[in-house]
Structure formats: structure tokens, C-alpha cells
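So the chains spell out like this:
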Amino acid sequence: MFLTAEEEAVLAGEEGPTRQQLMEILVAMGKVFEAEKMVPIRSAQVSGASYKTIGRWGLEWLSSLDAKASVPAILNPVGMDRIRWKEMDIDPVFAKNQLDVIAAYERLGIRLECTCTPYYLTITEYGDHLAWSESSAVAYANSVIGARTNREGGPSALAAAILGRTPAYGLHLVENRTPVFTFHVEGAPEKTDESWYGALGYLAGKIAGNRVPIFTGIRPSRDQLKNLGAAMAATGATALYHVQDITPEARVFKFDTTSLESITITASEVADVYSSAEPDAVAIGCPHCSDEELTKIAEKLQGCRVKKPLYVFAARDVITRSAKAVGTIEKSGAKVYADTCMVVSPALEQYKTIMVSSGKALSYVPNMCGAASVIGTLDDCLSAACR
Ligand code: F3S
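What counts and how
- What you see as residue numbers is a count from 1 along each chain, following the sequence as written.
- This being a predicted model, a pLDDT of at least 70 is required before a residue's local features are given, and a value of 80 or more before pairs of side-chain atoms are given or counted; all residues contribute to the totals for chains, interfaces and linings.
- Heavy atoms from the whole structure form the basis of all side-chain values; hydrogens and water molecules are not counted.
- UniProt positions are given in the numbering used here, feature names are shortened, and annotations may be inferred rather than shown by experiment.
- For each residue, the test is whether any non-hydrogen atom lies within 4 Å of the molecule or strand; if one does, the residue is near.
- Only protein atoms enter the 1 Å grid, on which a cavity is a set of points fitting a 1.4 Å probe that cannot get out and a pocket is an open set with protein on both sides within 12 Å along at least 5 of 7 lines, lining residues being those with an atom within 4 Å of a point.
- To decide whether a molecule occupies a pocket or cavity, check its atoms: if more than half lie within 2 Å of the grid points, it is inside.
- For helices the rule is a DSSP run of H or I covering at least 4 residues; for strands it is a run of E covering at least 2, with both sets numbered from the N terminus onward.
- Following the grouping adopted for this structure description, the nonpolar residues are Ala, Val, Leu, Ile, Met, Phe, Trp, Tyr, Cys and Pro, the charged ones are Asp, Glu, Lys and Arg, and the polar ones are all others, Gly among them.
- All domain edges in this entry derive from an automatic or database-based domain assignment.
- Here an angle of 0 to 180 degrees is reported between the N-to-C directions of two axes, which are lines fitted to C-alpha atoms, with helices fitted over the stretch in contact.
- Here is the rule for angles: anything less than 35 degrees is roughly parallel, anything more than 145 is roughly antiparallel, 65 through 115 is roughly perpendicular, and the remaining ranges are oblique.
- Handedness of a crossing follows from how the near helix is turned relative to the far one, being left-handed for an anticlockwise turn of less than a right angle and right-handed for a clockwise one.
- Any two residues whose heavy atoms approach within 4.5 Å at even a single point are treated as in contact.
- The cut-offs for exposure are 20% and 50% of the maximum accessible area for each residue type, with area from a 1.4 Å probe on protein chains only; residues under the lower value are buried, those over the upper are exposed, and the others partly exposed.
- Relevant arc is that of directions from the helix axis to the C-beta atoms, nothing else.

- In the annotation of an unreviewed UniProt entry, the entry for the chain reads Phosphomevalonate dehydratase large subunit, and the organism field reads Methanospirillum lacunae.
- Looking at the chain in UniProt, the text filed under Pathway (unreviewed entry) is "Isoprenoid biosynthesis; isopentenyl diphosphate biosynthesis via mevalonate pathway."
- On record in UniProt, under Subunit (unreviewed entry), the comment for the chain is "Heterodimer composed of a large subunit (PMDh-L) and a small subunit (PMDh-S)."

If you want it as C-alpha cells, here you go:
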């Protein structure tokens, strides 16, 4: 692997032991994946931020590091809303540990935005190289924006944030971004909500694994693409997909799909993913809600009063700029939390059945929260919360 003189100096320890240790991580990864060189990155998103997942060992490692991020970098969701954690009934011991983890990242120059939707906060453009780690964010960056990132682990994303570079392999290389099979969707409704694409992604991810597909027969919006990719990354390991005539690389490269294997998913298979089971709580915002989604929820909740716990999750910046919509949602008795989510927070472990509007949450909630999960449309979710 070729290293510049500057990279060699960091590896030799000339810029201190932390930068040396982090360069060792990047070089080791580069060698394993046969990268020829490093590429500069525009931003990083660092996972391993929830105390529920990194625990005491992770906190000790973070506290031992002494360096600062050299590119814009934010965190993945943590185990609680940093400010309203008491309202979430978070155990004070967990809260103290979580705040220590956040403080450790802040000391390393990571911006205290804890979200899986960094694309709502940091400038990310077509062709940018990134080091993002949360699987839905990676799928969105690659597929919807046409930026380039592998799915980083916590330590490699942190190393990339501090050193401003990442080894050039995998999805950083244009030759690995070509679709290898087609998903033809038969009977897709012309008008539907985001959950339908979550249910489609829930099925598609199981078939795709880590292969790059191109969809035909659908015309999703950006929020629908967000839900599609998140679910595929959860039930499969999809980090990049294309949608014919919709996603940027499909429009730029006009892939020839005639010789590709074609797999059909029908609308009736997607309909079977839905369930009419009665939940005891409802959670929306996986991935975190956009401004438009918060507005839509607020419009639908106008004048309603929730009778079951209704959680809504979004990035703090998005919540701040959507203050009017958030006010309407909370007036109904629902809670809009920042920094965390239904999967990484222990707050939702108290329920038996949680209704979600996301294919990713449908897949993760049972293992991560110990609750059954059912998927409904946004309307299903809000009416379940209000009856
Ligand atoms: Fe984001 Fe949590 Fe879902 S990190 S994608 S809201 S599981």
C-alpha cells in the first residue's frame, strides 16, 4: 500500500502515539482489503457511541486517546436524549456512563450530533469520499447521494475522522459500484408511504445480502429511498443499491441491465410483511425523521391525544429547525427525542409489542429491545397510538 511521506511520518509516531495507533488501524485495514492508497474524506460518522453497545471497555479506550478530528465528524445515536434522559426513565448509572462516552468523543473533536441521518446536517455531495459507519446512513450516502463510503466500524471511522483519510477499497472504487442483478418490483403502488418501502427493503435485503442490486418498477421519493436502504442494510448487508432512472449513479452511468439476473418481488409479498397485531407502544423515526416527516406527523396528529406511548426520533438540529411541528406532535402527548433511537436506547425495553413504520426497526427491535415488532403505515402507527 502506497503511503505519502506525511502518512509515513504519522505511522512512525512523529505526531504522537494516538495518531500513530489510529494510522496503524487504517493501514492494517488497507492491507487486508488490498487498498493501493488512502483517499481524503469529506466527513465521518462514528458508531460505537451508545453505552449500551460499547460498554466500559470502549469508554476506557476512548478516554486513552489524545487527538482531534480533522474533518467534520458526528456520532451515531446514543442510548438516550442527552438533555431529556430523565423523561425517558433512563437509569442514572447508565446515564452517567453515557454522558462520559459523549464527553470522551467531544474531547476528540467530534460534534455532538448523535444521528443516523448525517446527510441532513453535513454537506455531502455526489462523488465525495466519506467514512460513515451506521448502515442506513452508508446506504443513503452511496445510493441516494452518490457519495462513496464503506460501512466503517467505530474505531476505523474514528481513525478516519482524526486523520482525515481512509483506505481506498470497496465502495470507494468505481468498479465495485456496478449493479450485479436486478430487482423487478411488480405492482408497486403509485402513491404509498415510507413504510411500504421499508417492507420492500425488509424482503429485498434478505435476498440481496451484500450484492449491489438495481431496482426497476418503482419511483420512490428521498424519504422512501431512506427507508428502503435502511431495511436492506438490516436484513441483508446492502451498502449500495440503485433505482433505474432515479438514483444519481443510475442516471449518470445508465447501467445496461439486459444481461443481469432478474429477481421479482410482488406488491402482494410486500403486503404480507404488514401485521394487524395490537402494540402497546409505537415508535417512528428509524432512520431519524426528516423535516418533512416531522411536518407530516404533526399534520396528522393535529387535535389528537395519544393513549399509548408514541416515540418519535430525529436529529437535534432537525428538531430545532422543525420546532413548530415538534410542538404540535408533543401537544398530543407524544415525545420527540433527539440523540437516540428505539433500538439503541434501553427506554423501549419495557414493552411487549412495538409498532414501527420502518423495515429496519421491524428487523432490529426483537433482538435489541426484547419486544415483538410489527410494521404499519404512518397512519396505522398514529391511529394505534391514539386508540
Ligand atoms: Fe437510526 Fe436507530 Fe434506526 S440508528 S437507522 S433509528 S436503528
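We are not done yet, so read on.
With respect to the site of the ligand
Piece 1. Inspection of the region around the ligand gives Pro-77, Cys-116, Glu-134, Ser-136, Gly-285, Cys-286, Pro-287, Cys-341, Val-343 and Lys-360 as its neighbouring residues.
Piece 2. Put simply, the ligand lies in the largest pocket.
Piece 3. Sort the elements by how many residues they give to the shell around the ligand and strand β11 (residues 281-289) lands first, with three residues.
Piece 4. Its residues placed into classes, the shell around the ligand shows six nonpolar, two polar and two charged.
Piece 5. Built from parts of two domains, the shell around the ligand gets at least three residues from each of domain 1 (5-174) and domain 3 (281-386).

Brief notes about the packing of helix α3 (residues 51-63) against helix α4 (residues 92-107)
Piece 1. Packing of α3 against α4 brings their axes to within 10 Å, and their N-to-C directions diverge by 45°. Comparing their axes, α4 and α3 come out oblique. Here α3 runs over α4; the crossing is left-handed. Touching Tyr-51, Lys-52, Ile-54, Arg-56, Leu-59, Leu-62 and Ser-63 of α3 are Phe-94, Asn-97, Gln-98, Asp-100, Val-101, Ala-104, Tyr-105 and Arg-107, all from α4.
Piece 2. In terms of residue class, the contact of α3 with α4 is built from eight nonpolar, three polar and four charged.

Focus: helix α13 (residues 323-331)
An α-helical turn contains 3.6 residues, so any two residues separated by three or four positions project in the same direction.
Piece 1. Listed in full, the buried residues belonging to α13 are Ala-325, Val-326 and Ile-329. For α13, the angular spread of the buried residues around the axis is 100°, confining them to a single face. Residues Lys-324 and Lys-331 are exposed on α13 and point more than 90 degrees away from its buried face.
Piece 2. The inward-facing, buried residues of α13 abut α11 (291-301), β12 (310-314), α12 (316-321) and β13 (335-337).

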